[in-house]
Structure formats: structure tokens, C-alpha cells
Amino acid sequence: MQIRNAIVVGAGIGGLAAAIALARRGVAVTVLEQSEAIREIGAGLQVSPNGLFVLRALGLEKRLAARGAVRGQAAVMRSYDQADDVMRLDFSRLDPDQAYYFMHRADLIDVLAQAAREQNVSFEFGARVVSVTAGEPPSLTLQDGSTRRAELIVGADGIHSRARVALNAEDKADFTGQVAWRATVPNTMGHADVAMVTMGPKRHLVSYPLRGGNLVNLVAVEERKTWAAEGWNHADDPAHLREAFAGWGGMAAQMIEAVEAPTLWGLHRHPVAPVWQQSGVALLGDAAHPTLPFLAQGANMALEDAWALTATVMSGGVKALPAYEAMRKPRVTRVIKAAEGNAWKFHLRRGPVRFVAHNVMRLGGKYAPG
Ligand code: FAD
């Protein structure tokens, strides 16, 4: 049965993509976002062909290119102590209609929000959802005590999702033993249009250009015993980053030297939510499956979810939500496991093990971006 109205909780990448896709199919959509406005927040994201499929279907590729999204030419893996590439995957080997982009999260959010407004999606900001109740119809309560109902409630409210706990027990995240500094620096070092993973013992650095190639996005990961708070925006002293990567040379050293204001992020492993949907409530993106960044698939999986959820409810109404969960959960679980498996490959310590593993990567040609 055709659904007429939906509430999307969360104006992140997954929530906005779902809002546009539903609105284009004639659903009256309201997005509730806890922040006071769409904020210029976050740094770089990699959009691979699977995520791009959704953005293209929403008609947004040209707008993103106009905002300086960089079309990636290759993914390159290097060892911190060698000039040669351990592996290079040329994106010209992709199918001709496929492409790989690097973009700023703020630009993607802005383009999605603009497209949502053009589809008459309504936004309420400063609207923090405190609880969600599955039912016919499902409902939710905001922090101000007011309640809302809709035929479909989409929980796209990220890693600390309230919608997730409506359908599941509170999840327990484990610290992975890794922290990541994130920063953007001016591209004065001539970083090519490639995603570069520079690997070293107990640490790795991912870099790629943003905004027409004028900036370089850095994600520098270090293994640590001590816990760091989960979240995207804990400011840190750049001296800590430089100390962690002391002894590295070449472009990696130049990029790290240029960092002025990094944020530090403690990487946590969350289980995939056991239940993704129930009586008119459906989870998507990080609310259903927080994803470690070692395969650059967090945003791409959220985009895929948004598309699959819309297709499912438009063909079978909210009664079809179990089909959405059945379709998405196995794929997402595989992707999350693959992302978790990458960290050890990047951080190999012992010389002979690194030598063998890097040669296997050279021969296998498997791309594993961070
Ligand atoms: P998110 O992008 O996390 O969006 C969730 C949205 O829900 C947010 O807007 C949040 O404010 C809102 N929300 C949360 N709780 C509530 C509530 N109770 N009521 C109402 N609204 C709520 N990934 C990268 O690869 N690089 C980055 O630089 C990067 N920066 C990020 C910065 C921020 C501030 C956030 C929130 C996420 C960032 N991510 C980044 C993560 C990446 O965007 C997500 O992993 C991925 O896009 C999945 O998106 P999502 O839509 O599921 O969740």
C-alpha cells in the first residue's frame, strides 16, 4: 500500500537521501534534526561507484562536481619507508559509467539539503528526538515533550540513535585500540587526484584531495591502548599528531607538518543492530550499522540503505519493511567485517611480515581504502 507521509529523524547523508527519494515518489516528508541548522561540519568523504549510483539517481552528480568534488584517478597504497607503490588500482579499470569521487561532507550535506527543499521536504531544526515507539502508526517524542506520528518513521540518527534503542537493547561499543586524527591542509605539496594510503608499523595515513584539489583531507590512524572519546570533533594539539608520525618522510611528512587544527576521534566497534525494522519504524545508515572508516563505506552504505528502503516501501508499504532488512543486513555485515579486517594489514610491524604481506597485496591488487 502506498505510504503518504514519513518522518525522517536525522539530516545526515542517509536521512537526507531517504527524504529526497521518498519525496520524489510523492510522500510528504518531514526531517527532524537535533542541530539548530545544517552545519559546516566534518571533512572528506569518499564516494565509490555504489554510493554514486544513488547520488546520480537523485540527479546530484553535476551539482557535486560544481561544488568541487574531485573525480579520483586511482587508489594507491605505499609503505612509509619506500618510494614505490605497494599497490595501485587505476580507476580507469572501472566500468566506463562508474566513477569514484572525493568530496567534503559539508558540501554533500548542503547539496542533499537543497535538493530535499526542492522536493518540498519540511525541516525542523533543534528537534531532538528522545524516544521512538513502533506501532500502527509509529510515533516519537521530542525533547520538548511534543509527540509526532507518521505512517513511516525512518531512524537515520547516526551512531547514538534513539530509534535503534526503540527496536534493540542499548548497544555496547568497544574501543578498537585505534584513534584517528582528521584534518584538511592546503594542497601545496601537489597531491594528485588519488586516494593514498601510507602504511607504517602501528599507524597509517589516508590522504586525498578535496574542493577542486585545493585542499587535502587527512585521516591519520594510530594504535593506542588508552581510550579516546567516541565522536567526530574532539580538538587536539597538532604536536600529538606530529609526535605519533615522527620519523616519516616524503609527502606524508609534509602533509602532517601542515596540519594546524586536527580533531581526534576514538574508533569504536559497534555491533550491527539485530533488528532494523518493526511496525512502521526502520533504521538506516550508522543508526543500524556504525561502520569503521577502513573501507570508506560509511556514507556509501547509508546511501544504499536510503535507496533500498525507499524502493521497498514504495512497492509494498510499511508491511514490506522486513524485506528491506533481509536485503540489506547480509551485505552491510560483510562490508563491516571487511573494514575491520583492513586495520591489521595497514599496521604490520615486523619487517618480514610486512614484506610478504605487501607483496601479496601487490599480486592480489585488492583495493582497501581507509
Ligand atoms: P550521520 O551522518 O551521523 O547523521 C545523523 C544525523 O542525525 C546528524 O545530523 C545528527 O545531528 C542527527 N541526530 C542524531 N541524533 C538525533 C536525535 N536524537 N534527534 C534528531 N536528530 C538526531 N564521515 C567521514 O567519512 N568523514 C567525515 O568527515 C565525517 N564527519 C562527520 C561529522 C559529523 C558531525 C557526523 C555526525 C558524522 C560524520 N561522518 C563523517 C560520518 C558519516 O557522515 C556517516 O558515517 C555516514 O555518512 C552515515 O550517515 P548517517 O546519515 O547514517 O549518519
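Residues numbered from 1 in each chain as written. Predicted model: local features only at pLDDT ≥ 70, side-chain atom pairs only at ≥ 80, totals over all residues. Heavy atoms only, no water.

The name an unreviewed UniProt entry assigns to the chain is Salicylate hydroxylase, from the organism Sulfitobacter undariae.

A cis amide bond links glutamate 136 to the next residue, proline 137, at an omega of 5 degrees. By secondary structure assignment, the location of proline 137 is in the loop between β9 (129-133) and β10 (139-142). Within the chain, arginine 211 stands out as a residue other than glycine whose phi angle is a positive 45 degrees. Among the secondary structure elements, arginine 211 is positioned in the loop between β15 (203-210) and β16 (215-223). (Helix = DSSP H or I, 4+ residues; strand = E, 2+ residues; numbered from the N terminus.)

This part is about helix α7 (residues 250-258). When α7 is considered as a whole, its buried residues turn out to be Ala252, Met255 and Ile256. The arc that holds the buried residues of α7, viewed along the axis, is 95 degrees, so those residues lie on one side. Residues Gly250 and Glu257 are exposed on α7 and point more than 90 degrees away from its buried face. Those residues of α7 that are buried are in contact with β13 (174-186), β14 (194-200), β15, β16 and α6 (238-244). (Buried < 20%, exposed > 50% of the residue type's maximum accessible area, 1.4 Å probe, protein only. Arc of directions from axis to C-beta. Contact = heavy atoms within 4.5 Å.)

Bringing the packing of aromatic side chains into the picture now. Scanning the model with the defined rule gives 8 aromatic pairs in all. One aromatic cluster is present, formed by Phe91, Tyr100, Phe102 and Tyr208 through successive ring pairs. (Phe/Tyr/Trp six-rings, centres within 6.5 Å; stacked < 30°, edge-to-face > 60°.)

Before going further, it helps to spend a moment on the site of the ligand. Close to the ligand lie 31 residues; Gly14, Glu33, Ala43, Arg182 and Asp286 are nearest. The separation between an oxygen atom of the ligand and a polar main-chain atom of isoleucine 13 is 3.2 Å. Contacts to the ligand include arginine 182, whose side-chain N or O atom sits 2.3 Å from an oxygen atom. Summarising the interface, the protein chains cover 87% of the accessible area of the ligand, which totals 920 Å² for the free molecule. Of all elements in the fold, only α1 (13-24), β2 (28-33), β3 (44-47) and α8 (298-316) reach the threshold of two or more residues within the shell around the ligand. Considering only residue class, the shell around the ligand consists of 13 nonpolar, 11 polar and 7 charged. (Near = heavy atom within 4 Å. Polar contact = N/O pair within 3.5 Å; in protein donor to acceptor, adjacent residues only side chain to side chain. Areas by Shrake-Rupley, 256 points an atom, 1.4 Å probe, with all protein chains shown as cover. Nonpolar A, V, L, I, M, F, W, Y, C, P; charged D, E, K, R; others polar.)

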